[in-house]
Amino acid sequence: MNRCLIPIILTFLTHMPSFSQDEFQLAIGKKVIKTIALNDKHDYSIELEKGEFALLNVAQRKMDVKIGTYDPEGTEIEEFDSLNGSVGDELVLIDAKRDGKYRLAITPLGERKKNKKGAYEIQLIAVNRDIREHLNQVLQTLKDRSTLPGFAVGIVGTDTLLYTNAKGYARVENKTPYTPETVQNIASISKTFIGISLMMLVEEGKLTLDSAINDVLPFEVTNPYFPEKKITIRHLATHTSTINDFPIYYTKAGTLKGSLPVEKTKYSKEIQKLIKLAGENEDMTMAAFLTSMLTREGKWYKKKNFLKRAPGEEWLYSNVGATLAAYIVELVSGTPYNTFVERRILAPLQLKSAGWGSDTISMQKQATGYATGNLPLPQYNLITYPDSGIYLNSKDLGRYLMVLMKGYEGENGIISAASFQEIMKVQYEEKQGNHKGTKNGLFWWQNDDGFMGHNGGDTGVIAIMKFNPTTRLGITFVSNMDPTETDESFIPFKKVLFALKRYAGLL
């Protein structure tokens with residue numbers, strides 16, 4: 001043998017995965033329970049045909065493991081491992097590119113030092129050739145293993161809703177199913193309507209993005225640390241106005257509506273505090289709230305309501321800044337902001353499920369918001385409603401996203417393509433600090449994963465709306481619980497988004 005080939009062959013053999021002779025072949029529906037210790041490796045296999053999709057679940061018990069998948073030639077496909085040290089369910093997906101035996105290697109990580117040994121359960125849940133059926137079963141599996149009460153998803157192209165589905169309950173108490181027609185708050189996705197409203201007025205020549213807000217407002221708003229620096233409308237729309245939400249927005253912006261659905265003591269201490277504050281707050285107009293917080297004569301005014309940085313020099317997400325931008329729309333247009341959006345955006349786009357606040361939507365169509373443990377949350381009135389007050393169903397959210405995608409691609413709509421593109425281009429990128437890398441358009445985000453859009457989140461709600469301009473595909477997700485409350489809800493939520501992105505291009 002040529003001696004030059006020996007090192008190459010040895011290197012190849014060294015990096016080949018070593019599967020044991022007693023690897024276990026998995027069968028659909030059969031659960032296998034085993035104990036694994038540090039330095040062990042358990043091997044499994046599945047026979048698949050090209051074009052088939054396999055769905056497996058590994059339930060970890062007291063031992064965090066990683067699962068590697070390998071194609072019939074022994075090449076690693078991918079690795080599945082959730083948050084460091086987490087146990088519980090690990091969803092594993094295999095998309096067969098050729099006929100043959102696909103292998104899985106389960107290896108303990110031992111990230112929790114005290115755990116030297118632990119059990120796990122592995123199950124091949126399904127093998128499908130139809131991508132829709134596969135995605136349906138992936139979502140059902142994630143719902144069954146999560147604490148989310150209900151959710152709806154969508155995958156859209158520029159011209160059609162490619163996929164919609166929903167799982168769980170809109171109202172747990174009477175087992176009302178969550179459907180793609182279920183209406184819920186979309187939280188901060190509401191801010192995208194402010195961006196469109198501003199560009200409508202720009203197109204009409206009624207304002208410019210670089211207009212100073214004090215040229216429009218009937219009261220003065222100035223950063224007290226930099227009184228000579230003007231705050232512009234563009235600063236508001238890119239979250240660089242230096243207006244600081246904390247703590248006024250989080251303690252004063254909401255008022256409680258009606259009675260509590262369960263005893264107050266059943267909620268977490270954090271939610272109990274929010275309920276107490278909302279119960280004590282006085283209802284007021286949007287203008288009254290803004291003047292109370294942002295003007296020197298205001299009863300809540302403090303210098304710390306602003307950052308110690310000049311406007312335009314630092315990014316800080318600001319709900320109050322967004323509300324101020326909506327108030328400017330109201331002033332310039334001469335129409336209440338909610339009415340402006342209804343007439344100029346919601347009606348022309350035929351987003352028929354939409355409404356401002358829960359009072360505008362039939363209770364039979366609404367999802368109840370929940371805290372951990374399926375505790376129904378009380379309803380509240382948001383004084384700064386433009387920043388997160390729109391209610392919408394999943395299908396209409398998908399239709400709205402299609403309009404935005406078409407605008408990005410150059411199609412005129414309720415505003416010109418140029419205005420859509422102005423909204424979506426990077427207007428400001430944070431170069432330093434905790435928010436380094438944040439890329440903002442006009443109430444719009446560009447993400448590192450190639451997607452752009454907006455998210456929304458609050459106690460009892462989450463909403464996602466974004467698209468990838470390269471693949472020309474978008475995804476939506478709405479749920480009636482904030483999944484960031486626990487790992488048991490957050491991990492399945494992240495995996496739902498992972499699955500939507502993974503399979504969108506195959507529909």
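Fair warning: this is a prediction, and the values are worked out from it, not measured in the lab.

K.L.:
Hey, could you run me through the overall build of the protein chain in this one?
P.N.:
Across its full length, the protein chain carries 12 helices and 25 strands. Against the globule reference of 23 Å for 507 residues, the protein chain gives a C-alpha radius of gyration of 26 Å, in line with a compact fold. In terms of overall dimensions, the protein chain has C-alpha extents of about 85 × 60 × 45 Å along its principal axes. Partitioning the contacts of the protein chain with sequence separation of at least 6, the portion at a separation of at least 24 is 72%. Between the averaged position of the 61 positive side-chain charges in the protein chain and that of its 58 negative side-chain charges there is a distance of 3 Å.

K.L.:
Explain the environment of Leu506 to me, please; I cannot follow it from the model alone.
P.N.:
With respect to the helices and strands, Leu506 occurs in the segment after α12 (487-503). For the pair Leu506 and Glu314, spaced 192 residues apart in sequence, the C-alpha to C-alpha distance is 41 Å. In this structure Leu506 touches Phe53 and Ile131, once residues within four positions along its chain are discounted.

K.L.:
How do you make sense of the environment of Ser358 when you look at a structure like this?
P.N.:
Along the chain, the position of Ser358 falls in the loop between β15 (355-356) and β16 (370-371). For the pair Ser358 and Gly389, spaced 31 residues apart in the sequence, the C-alpha separation amounts to 8.7 Å. Here Gln379 takes part through its side chain, which lies 3.3 Å from a polar atom of the side chain of Ser358.

K.L.:
How should I be thinking about α12 in this particular structure?
P.N.:
Two residues of an α-helix separated by three or four positions point the same way, owing to the 3.6 residues in each turn. The first and last C-alpha atoms of α12 sit 24 Å apart over 17 residues, in line with the 24 Å expected at 1.5 Å per residue. Among the residues of α12, those classed as buried are Ser489, Ile491, Pro492, Phe493, Lys495, Val496, Leu497, Ala499, Leu500 and Tyr503. Those residues of α12 that are buried lie in contact with β4 (53-61), β7 (88-95), α2 (131-144), β10 (150-156), β24 (461-468) and β25 (473-479).

K.L.:
Any chance you could explain the packing of aromatic side chains here in plain terms?
P.N.:
What the rule picks out here adds up to 19 aromatic pairs. Look at Phe193 and Tyr400: their rings are 4.4 Å apart centre to centre, the planes differ by 10 degrees, and that puts the pair in the stacked class. Taken together, the positions of Phe193 in helix α3 (residues 191-203) and Tyr400 in helix α10 (residues 394-408) put the pair 207 residues apart, joining distant regions of the chain. We classify Phe193 as buried; its relative accessible area is 0%. Note on Tyr400: relative accessible area 0%, which makes it buried. Plain terms: the ring middles of Tyr301 and Phe306 are 6.4 Å apart, the flat faces sit at 55 degrees to each other, and that makes the pair tilted. For the pair formed by Tyr301 and Phe306, the shared burial category is buried. Positioned above the aromatic ring of Phe451, the side-chain terminus of Lys466 is 5.5 Å from the ring centre. Between the NZ or CZ atom of Lys501 and the centre of the ring of Phe451, over which it lies, the distance is 5.1 Å.

K.L.:
What's the story with the packing of helix α7 (residues 286-294) against helix α8 (residues 319-333) in this structure? I'm lost.
P.N.:
Between two packed helices, both the angle of their axes relative to each other and the distance between the axes serve to describe the pair. At a minimum axis separation of 10 Å, α7 and α8 run at an interaxial angle of 130 degrees. Judged by the inter-axis angle, α7 sits oblique to α8. Viewed along their axes, α7 and α8 form a crossing whose handedness is left-handed. Facing α7, whose interface residues are Met286, Ala287, Phe289, Leu290, Met293 and Leu294, α8 presents Val320, Thr323, Leu324, Tyr327 and Glu330. In the contact of α7 with α8, the residues fall into 9 nonpolar, 1 polar and 1 charged.

K.L.:
Sorry if this is basic, but what is going on with the pattern of salt bridges here?
P.N.:
Close approach of charged atoms allows side chains with opposite charge to pair. Inspection of the entire model under this criterion finds 27 salt bridges. For Glu181, the salt bridge identified is with Lys395, shortest N-O distance 2.9 Å. Taken together, the positions of Glu181 in the loop between β12 (176-177) and β13 (183-185) and Lys395 in helix α10 put the pair 214 residues apart, joining distant regions of the chain. You can call Glu181 partly exposed: its relative accessible area is 40%. Note that Glu204 is salt-bridged to Arg344, the shortest N-O span being 2.6 Å. Highlighted residues: Glu204 in the loop between α3 and α4 (233-237) and Arg344 in helix α9 (residues 337-346), separated in sequence by 140 residues. Given the relative accessible area of 34%, Glu204 is considered partly exposed. When salt bridges with common partners are traced through the structure, they connect Asp210, Arg234, Glu422 and Lys425 into a single cluster.

K.L.:
Would you mind showing me how to read the side chain of Ser394 here?
P.N.:
Tracing the backbone through its elements, the reader meets Ser394 in helix α10. Once residues lying within four places of it in the same chain are set aside, the contact partners of Ser394 are Ala152, Val153, Gly154, Pro180, Thr182, Thr476 and Val478.

K.L.:
Teacher, can you tell me more about the environment of Ser190 here?
P.N.:
You can see Ser190 is positioned in the loop between β13 and α3. Classification of Ser190 as buried rests on a relative accessible area of 0%. The spacing of Ser190 and Gly456 is 266 residues in sequence and 8.1 Å in space, taken between C-alpha atoms. Within the structure, Ser190 has its side chain in polar contact with the backbone nitrogen of Gly389 (distance 3.3 Å). Among the polar contacts made by the side chain of Ser190, one reaches the main-chain amide nitrogen of Ile390 at a distance of 3.0 Å.

K.L.:
Just checking my understanding: could you explain α7 for this structure?
P.N.:
For α7, the full list of buried residues reads Met286, Phe289, Leu290, Ser292, Met293 and Leu294. Taken down its axis, α7 places every buried residue within 170 degrees of arc, on the same side.

K.L.:
Can you help me understand unusual backbone geometry in this one?
P.N.:
Excluding glycine, a negative phi dihedral is what most residues carry, and trans is how most peptide bonds are arranged. Cis rather than trans, the peptide bond between Phe246 and Pro247 has omega equal to 0 degrees. Summarising the element assignment, Pro247 is placed in the loop between α4 and α5 (248-252). Look at Asn39: it is not a glycine, yet its phi comes out positive at around 75 degrees. Its location among the elements puts Asn39 in the loop between β2 (31-37) and β3 (42-48).

K.L.:
Looking at this structure, how should I read the sheet that holds strand β6 (residues 76-80)?
P.N.:
Within a beta sheet, neighbouring strands are joined by backbone hydrogen bonds and run either parallel or antiparallel to one another. Ordered by their spatial adjacency, 5 strands build an open sheet running β1-β3-β8-β5-β6, and the pairing between neighbours is mixed. Two strands in the sheet have a free side with no partner beyond their single neighbour: β1 (24-25) and β6. Looking at chain direction, strand β5 (residues 65-70) and β6 are connected through 4 bridges and run antiparallel. When the bridges of β6 are listed, Thr69 appears paired with Glu78.

Rules used throughout
Residues numbered from 1 in each chain as written. Predicted model: local features only at pLDDT ≥ 70, side-chain atom pairs only at ≥ 80, totals over all residues. Heavy atoms only, no water. Helix = DSSP H or I, 4+ residues; strand = E, 2+ residues; numbered from the N terminus. Rg over C-alpha atoms; globule rule 2.2 N^0.38 Å. Contact = heavy atoms within 4.5 Å. Lys, Arg positive; Asp, Glu negative; His and termini not counted. Charge placed at Lys NZ, Arg CZ, Asp CG, Glu CD. Polar contact = N/O pair within 3.5 Å; in protein donor to acceptor, adjacent residues only side chain to side chain. Expected span 1.5 Å × (residues − 1). Buried < 20%, exposed > 50% of the residue type's maximum accessible area, 1.4 Å probe, protein only. Phe/Tyr/Trp six-rings, centres within 6.5 Å; stacked < 30°, edge-to-face > 60°. Lys NZ or Arg CZ within 6 Å of the ring centre and 35° of its normal. Axes fitted to C-alpha atoms, helices over the stretch in contact; angles between N-to-C directions. Parallel < 35°, antiparallel > 145°, perpendicular 65-115°, else oblique. Left-handed = near helix turned anticlockwise from the far one by under 90°. Nonpolar A, V, L, I, M, F, W, Y, C, P; charged D, E, K, R; others polar. Salt bridge = Lys/Arg side-chain N within 4 Å of Asp/Glu carboxyl O. Arc of directions from axis to C-beta. Pairing = 2+ DSSP bridges.

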